[in-house]
Each structure stands twice: as structure tokens, then as C-alpha cells.
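Descriptive structure summary
The chain contents come next:
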Amino acid sequence: AAPANVLDWRERVSSFADVAAYTERVSRVPYMLEGEPVLVAASPVTGNFFSVLGVRAALGRTFTWEETWAGRSDVVVLSDAMWRSHFGAERGIVGRTITLGSTELRVVGVMPPAFCFPTGETQLWISWGWPVENREQVFFRRAHWVRPIARLAPGVTHEQANAQFQAVVQQLQV
């Protein structure tokens, strides 16, 4: 889907409690480990990704919706495996700043050991940091490069949600 479509579905399909987005492809980003550069697998996601999935951090917290946007996206959530292998399972990692590439990010959480979505390769999750002005750009609506996920609102059936979703999709095609 296009990011703007995901935003529209989030705002206009009341049958969904919330809608988030991610990519199935991980980004390889450099990280300095004991003075040596290593590539780590990062999964970019919207700030509400974990809450839509209903998953909580084992340590610290996950992202907030506001952290989807540029200027608020200087945060990272670590996988349990990365926390253990790169940081020695140090509980004080939450709140520390790490550098990925040339970007400093504040660690806000560590996920439970069994959590590995969208891929088993994912070592950390980063919030996209979409510029707000992208919302009105053609490429943000036309380029289909994100995977949407939605959580049904309480008491809503799949059929009801699909009917409302299809109505919004038809409106967006006009």
C-alpha cells in the first residue's frame, strides 16, 4: 500500500481500532560494536506498529504514534537477541543513545524473546520519521511500498470491517 492510503484508512475506517504499517524488507545499517562496524538488520515501522499487534516491550516501552513523524522519530526498539548479544542484557540500556549510521537514536525498549515480526532477521525497529509535508505529495499516495496491518474495533466483524474498508477504497479512487 501507499503510506497516504494507510493514513486514510487509519482516519476513515472506524471499523478498525487502528492501522499501522511496516516493510517486509529489513534495512542494513552500520553500528559500532566495540570499535568495529557491524551491519544490523533494522525494520522501519509506524509508531503504532506494536500496539496494533498487541505486543508490549519486555523492557521499557514501544513507539508512540507521534514518533512516526520527522522530528519525533529519534527512537529505537531492540530485539531481545540484539539486547543480549550487543549489550550484554544490560537493563540500563533503556534511555541510552546509540548511533546507527550517522543517526543518534534513544533506546526506548527491548522486545520479548519470541517477538520477531516482520522477519526473524530483525535486530531492531526504527520509527519511519515521515515528514508531515509528505502527506500531500503524489509519491506518498502512488508508490506502494508499505505493508498495512489493522486491528478490528471491538464488536466489529470481518465482514463489517471489509464493507467499510471497501467503501473508503472506492472513495479514494475517485
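Remember, predicted model here, so these are calculated numbers, not experimental data.

This paragraph deals with the overall build of the protein chain. When you go through the protein chain residue by residue, the secondary structure sums to 5 helices and 9 strands. In sequence order, the secondary structure elements of the protein chain are arranged as α-β-β-β-α-β-β-α-β-β-β-α-β-α. Against the compact-globule benchmark of 16 Å for 174 residues, the protein chain has a radius of gyration of 17 Å, which places it among compact chains. On the principal axes, the C-alpha backbone points of the protein chain span a range of 55 × 35 × 25 Å. For the protein chain, the proportion of contacts with a sequence separation of at least 24, taken over those separated by at least 6, is 72%.

If you check helix H5 (residues 158–173), its first and last C-alpha atoms are 22 Å apart, about what 16 residues at 1.5 Å a residue would give, namely 22 Å. Taken together, the buried positions of H5 are occupied by Ala161, Phe165, Val168 and Val169. The buried residues of H5 occupy an angular sector of 105 degrees when the element is viewed end-on, so they sit on one face.

What follows concerns unusual backbone geometry. The amide bond that connects Phe117 to the next residue, Pro118, takes the cis arrangement and shows omega of 10 degrees. Assignment of secondary structure puts Pro118 in the loop between strand E7 (103–110) and strand E8 (124–127). The backbone of Ala89 shows a phi angle near 55 degrees, a positive value even though the residue is not glycine. The residue Ala89 is located in the loop between helix H3 (80–87) and strand E6 (97–100) in this model. On the basis of relative accessibility, which here comes to 26%, the residue Ala89 falls in the partly exposed class.

Attention now moves to the pattern of salt bridges. Within this structure, the stated rule accounts for 9 salt bridges. Among the salt bridges present, the one from Arg28 reaches Glu121, with a minimum N-O distance of 2.2 Å. In this pair, Arg28 sits in strand E2 (residues 27–33) while Glu121 sits in the loop between E7 and E8, placing the two residues 93 residues apart along the sequence. A salt bridge links Arg84 to Asp80; the shortest N-O distance between them is 2.8 Å. Here the residue Arg84 and the residue Asp80 both occupy positions in helix H3, the gap between them amounting to 4 residues, near one helical turn. On the basis of relative accessibility, which here comes to 46%, the residue Arg84 falls in the partly exposed class.

Let us look at the packing of aromatic side chains. Each aromatic ring pair is characterised by the separation of its centres together with the angle its planes make. In total, this model carries 18 aromatic pairs according to the counting rule given. Here the aromatic rings of Phe49 and Phe117 are separated by 6.0 Å at their centres, their planes lie at 15 degrees, and the arrangement is stacked. Of this pair, Phe49 sits in helix H2 (residues 49–53) while Phe117 is found in the loop between E7 and E8, placing the two residues 68 residues apart along the sequence. Joined through ring pairs, the aromatic side chains of Tyr22, Phe49, Phe50, Phe63, Phe115, Phe117 and Trp125 make up one cluster.

Where helix H1 (residues 3–12) contacts H5, the two axes come as close as 11 Å, and the packing angle between them is 130 degrees. Classified by the interaxial angle, the pair formed by H1 and H5 is oblique. Here H1 runs over H5; the crossing is right-handed. From H1, Asn5, Asp8, Trp9 and Arg12 reach across to H5, where they touch Gln164, Phe165, Val168, Val169, Gln171 and Leu172.

Once that is clear, we can look at H1. The periodicity of an α-helix, 3.6 residues per turn, causes residues three or four positions apart to be oriented the same way. Among the 10 residues of H1, 7 are classified as buried, and the element is accordingly described as predominantly covered. Pro3, Ala4, Asn5, Val6, Leu7, Asp8 and Trp9 are the residues of H1 that are buried. The secondary structure elements touched by the buried residues of H1 are strand E1 (16–22), helix H4 (138–142), strand E9 (147–152) and H5.

So, how was this worked out
- Residues numbered from 1 in each chain as written.
- Predicted model: local features only at pLDDT ≥ 70, side-chain atom pairs only at ≥ 80, totals over all residues.
- Heavy atoms only, no water.
- Helix = DSSP H or I, 4+ residues; strand = E, 2+ residues; numbered from the N terminus.
- Rg over C-alpha atoms; globule rule 2.2 N^0.38 Å.
- Contact = heavy atoms within 4.5 Å.
- Expected span 1.5 Å × (residues − 1).
- Buried < 20%, exposed > 50% of the residue type's maximum accessible area, 1.4 Å probe, protein only.
- Arc of directions from axis to C-beta.
- Salt bridge = Lys/Arg side-chain N within 4 Å of Asp/Glu carboxyl O.
- Phe/Tyr/Trp six-rings, centres within 6.5 Å; stacked < 30°, edge-to-face > 60°.
- Axes fitted to C-alpha atoms, helices over the stretch in contact; angles between N-to-C directions.
- Parallel < 35°, antiparallel > 145°, perpendicular 65-115°, else oblique.
- Left-handed = near helix turned anticlockwise from the far one by under 90°.

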